[in-house]
Amino acid sequence: MIVALAALLAVQNVYYVLRPLLPHAIPRALVALVDERRDLSEAEAAALSQVEPDPDEDQTMIINMGPQHPSTHGVLRLMLELQGETVLRCKPVIGYLHTGMEKTGEQLTYMQGGTNVTRMDYLSPLSNELAFATAAEQLLDLELPERAIWMRMMLAELNRMSSHLLFQATNGMDMGAVSMMIFGWREREEVLRVLEMITGLRMNHNFIRVGGLAADLPDGWQEAILDVCDIVEAGVADYDSILSENPIWQERLMGVGVLTTQQCLDLSITGPLLRSTGYPWDLRKADPYCSYEKFDFEIPTRTEGDVYARYLCRLDEMHESVKIVEQCLERLEPGAIMPEKMPRMLRTPPGEIYVRTEAPRGEYGVYLVSKGGNRPYRLKVRSACLSNLQALKHM
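Everything quoted here is computed from the prediction, not taken from an experiment.

Asker: Hey, could you run me through the overall build of the chain in this one?
Answerer: Of regular secondary structure, the chain possesses 17 helices and 8 strands. The buried share of the chain, taken over its 395 residues, is 49%. Total accessible area computed for the chain in this model is approximately 18,900 Å², and 55% of it derives from carbon and sulfur atoms.

Asker: Which parts of the structure should I look at to understand helix H9 (residues 178-199)?
Answerer: Count 3.6 residues to each turn of an α-helix, and residues three or four apart come out pointing the same way. For H9, spanning 22 residues, the distance from its first C-alpha to its last is 31 Å, which sits close to the expected 32 Å at 1.5 Å a residue. For H9, the full list of buried residues reads Met180, Met181, Gly184, Glu187, Arg188, Val191, Leu192, Val194, Leu195, Ile198 and Thr199. Viewed along the axis of H9, the buried residues span an arc of 160°, placing them on a single side of the element. Seen from the buried face of H9, the exposed residues on the opposite side, beyond 90 degrees, are Val178 and Ile182. Where H9 is buried, its residues meet helix H7 (125-140), helix H8 (146-174) and helix H10 (221-244).

Asker: What exactly am I supposed to notice about the packing of aromatic side chains here?
Answerer: Describing an aromatic ring pair means giving the distance of the ring centres and the angle of the ring planes. If you walk through the whole model with that rule in mind, you get 5 aromatic pairs. Positioned over the ring face of Trp150 is Arg331, at 5.5 Å from the centre of the ring. Positioned over the ring face of Tyr377 is Arg378, at 4.6 Å from the centre of the ring.

Asker: Would you take a moment to explain the sheet that holds strand S7 (residues 362-370) for this structure?
Answerer: Strand pairing in a sheet relies on backbone hydrogen bonds. The paired strands run either parallel or antiparallel. Taken together, 3 strands build an open sheet; the order of strands is S6-S7-S8 and the sheet is antiparallel. Among the strands making up the open sheet, the edge pair consists of strand S6 (351-359) and strand S8 (378-382). The mean inter-strand angle of the sheet, taken between neighbouring strand axes irrespective of direction, is 10°. Along the sheet face, H7 touches S6, S7 and S8 and points at about 150° away from the line of S6.

Asker: Where do I start with the nonpolar core in this structure?
Answerer: One broad rule of soluble globular proteins: the nonpolar side chains tend to lie buried together. Met154, Leu158, Ile225 and Leu368 are the most contacted members of the largest nonpolar core, which totals 75 residues. Setting aside its immediate chain neighbours within four residues, Leu368 contacts Tyr110, Phe132, Ala135, Ala136, Leu139, Gly351, Glu352, Ile353, Pro376, Arg378 and Leu379. In terms of nonpolar packing, the next biggest core, distinct from the first, is built from 7 residues, Cys264, Leu267, Ile269 and Leu274 among them.

Asker: Honestly, the side chain of Arg382 in this entry has me stumped. Any pointers?
Answerer: Its location among the elements puts Arg382 in strand S8. Of the buried charged residues, Arg382 lacks a salt bridge, with Glu363 as the closest side chain of opposite charge at 4.5 Å. From its side chain, Arg382 meets the backbone oxygen of Glu363 in a polar contact 3.0 Å long. Ignoring anything within four residues of it in the chain, the contact list for Arg382 reads Ser268, Thr270, Tyr354, Glu363, Tyr364, Gly365 and Ser387.

Asker: Honestly, the sheet that holds strand S1 (residues 61-65) in this entry has me stumped. Any pointers?
Answerer: Pairing is antiparallel across the open sheet formed by 3 strands, whose spatial order is S1-S2-S3. Lying at the two open borders of the sheet, with one neighbouring strand each, are S1 and strand S3 (86-93). Direction aside, the axes of adjacent strands within the sheet are offset by 25° on average. As judged from the 7 bridges shared by strand S2 (residues 77-83) and S3, these two strands associate in the antiparallel manner. Looking at S3, one finds that Leu78 is bridged to Pro92.

Asker: Would you explain the pattern of salt bridges in this entry?
Answerer: Any two side chains of opposite charge can pair, given that their charged atoms come close. Scanning all chains against the criterion turns up 21 salt bridges. Its salt-bridge partner being Arg186, residue Glu187 comes within 2.6 Å of it at the nearest N-O pair. What makes Glu187 buried here is its relative accessible area of 5%. Arg186 gets classed as partly exposed once you look at its relative accessible area, which sits at 39%. Across the salt bridge formed by Glu189 and Arg202, the nearest N and O atoms sit 2.7 Å from each other. Linking Glu189 in helix H9 with Arg202 in the loop between H9 and strand S4 (208-209), this pair joins segments that are 13 residues apart in sequence. Judged by relative accessible area, which is 22%, Glu189 ranks as partly exposed. A network of salt bridges, in which partner residues are shared, links Glu157, Arg160, Arg275, Asp282, Arg284, Glu317 and Glu358.

Asker: Could you clarify how one ought to interpret the state of the cysteines in this entry?
Answerer: Should the sulfur atoms of two cysteines be covalently bonded, the bond is a disulfide. If you walk through the whole model with that rule in mind, you get 0 disulfides. Looking at the unpaired Cys290, the closest cysteine sulfur is the one in Cys328, lying at 9.1 Å.

Asker: Whenever I open this one, the environment of Tyr289 confuses me. Can you help?
Answerer: Of note, Tyr289 is situated in the loop between helix H14 (283-286) and helix H15 (307-331). Each C-alpha atom, one on Tyr289 and one on Ile149, is 9.7 Å from the other, the two residues being 140 residues apart in sequence. Dropping the residues within four chain positions of it, Tyr289 is found in contact with Leu130, Arg160, Leu283, Arg284, Arg356, Thr357 and Glu358.

Asker: Help me out: how do you make sense of the packing of H10 against H15 in this one?
Answerer: Where H10 contacts H15, the two axes come as close as 10 Å, and the packing angle between them is 160°. By the angle between their axes, H10 is roughly antiparallel relative to H15. Between H10 and H15 lies a crossing whose hand is left-handed. Across the interface between the two elements, Trp221, Gln222, Ile225, Leu226, Cys229, Val232, Glu233, Val236, Tyr239, Asp240, Leu243 and Ser244 of H10 pack against Tyr308, Tyr311, Leu312, Leu315, Met318, His319, Val322, Val325, Glu326 and Leu329 of H15.

Asker: So what exactly am I meant to see when it comes to the confidence of the model for the chain here?
Answerer: One rule of thumb: low pLDDT means the predicted coordinates there are not for detailed reading. Per-residue confidence for the chain gives a mean pLDDT of 85; residues scoring 70 or more make up 84%. Low pLDDT, under 50, characterises residues 1-27; the predicted model gives this stretch 52 contacts beyond four residues in sequence or across chains.

Asker: Sorry, what's going on with the environment of Pro300 here?
Answerer: Take Pro300: it is sitting in the loop between H14 and H15. Relative accessible area serves as the criterion here: at 12%, Pro300 is assigned to the buried category. For the pair formed by Pro300 and Pro280, sequence separation is 20 residues and the distance between their alpha carbons is 7.5 Å. Discounting residues that sit within four places of it in the chain, Pro300 has contacts with Arg275, Cys313, Asp316, Glu317 and Glu320.

Conventions and cut-offs
- Residues numbered from 1 in each chain as written.
- Predicted model: local features only at pLDDT ≥ 70, side-chain atom pairs only at ≥ 80, totals over all residues.
- Heavy atoms only, no water.
- Helix = DSSP H or I, 4+ residues; strand = E, 2+ residues; numbered from the N terminus.
- Buried < 20%, exposed > 50% of the residue type's maximum accessible area, 1.4 Å probe, protein only.
- Areas by Shrake-Rupley, 256 points an atom, 1.4 Å probe, with all protein chains shown as cover.
- Expected span 1.5 Å × (residues − 1).
- Arc of directions from axis to C-beta.
- Contact = heavy atoms within 4.5 Å.
- Phe/Tyr/Trp six-rings, centres within 6.5 Å; stacked < 30°, edge-to-face > 60°.
- Lys NZ or Arg CZ within 6 Å of the ring centre and 35° of its normal.
- Pairing = 2+ DSSP bridges.
- Axes fitted to C-alpha atoms, helices over the stretch in contact; angles between N-to-C directions.
- Core = buried A, V, L, I, M, F, W, Y, C linked by side-chain atoms within 4.5 Å.
- Lys, Arg positive; Asp, Glu negative; His and termini not counted.
- Salt bridge = Lys/Arg side-chain N within 4 Å of Asp/Glu carboxyl O.
- Polar contact = N/O pair within 3.5 Å; in protein donor to acceptor, adjacent residues only side chain to side chain.
- Disulfide = S-S within 2.5 Å.
- Parallel < 35°, antiparallel > 145°, perpendicular 65-115°, else oblique.
- Left-handed = near helix turned anticlockwise from the far one by under 90°.
- pLDDT = per-residue confidence, 0-100.

Printed below as a string of structure tokens:
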């Protein structure tokens, strides 16, 4: 069976699929070589199969986590090598939900583009819309009224809260704290209700448009937002009291998945993962957009770089988002939400632009190339999630 398997090693993933079926362990030297060289010829593979297994080696097993809902939400497959209950290696396999959205965006006008980017991350759609709209506005040299800027910031921070709340809910469930799934969804539902009240939709809003926003704020928005800020603050305090000092929670999170600052910088990892290593990098402070430089808020950091530190960073970031939203409420004055001389047909001059924003999971960037006309010639998106996945191997 070993010889038959070796003849198939040149085929992608066959080795990993069949390895658990082998009657005894394959030598680790062979495992490492196969990982480095996925283009072995049949002759080379047959020669490698002559390596005798070491009976003293502990057996390992390759299993697949995903791609199925809800463990990896259907979009991610993790190939795990296990030794008992210890994960020795993890290889992410992506692309299960790839629909060519960047190429699709090149067929859509600038006014239609928001419907495309908002679906790229259904947990932070408003952050996506903000980056795309800002990139197009800089190409058009549009200046937004202050009310539109404050509204955008307020919506982006509400979206950050809802995203972090889902992290707390699912992280708790994965770690065995099933009650956290209920609590996290409870507060997130209130945030989504407010977003639905303002935008008309719970997610994939297409509300932040090139030049401003789709509509002004509805009646009663101040009270609704103040209420949801109080709800989120109370909820975060509950999570802190329930989990942070819980010895079981600490044992399962502390010292797990550790990353260093240098590893994060080498892999272009941003967001809470980077800040949990002690590096205070947040684009709202480091490279301000909208008007974040006028607001009073802190960048939460930790130094441990483990899962527990990332959990605490997100808890603290929700407190800071509440502070920003409350400051937006104080500054919002009646006024226009679109420029006075907004062109009916958006035609950008030739040029290129890259705009980055601090999304809930890190830097989200939009690169636009224009050759003139009402649609981008090229659209490239820098997703924080894709870069952050590189960390799995190092964890």
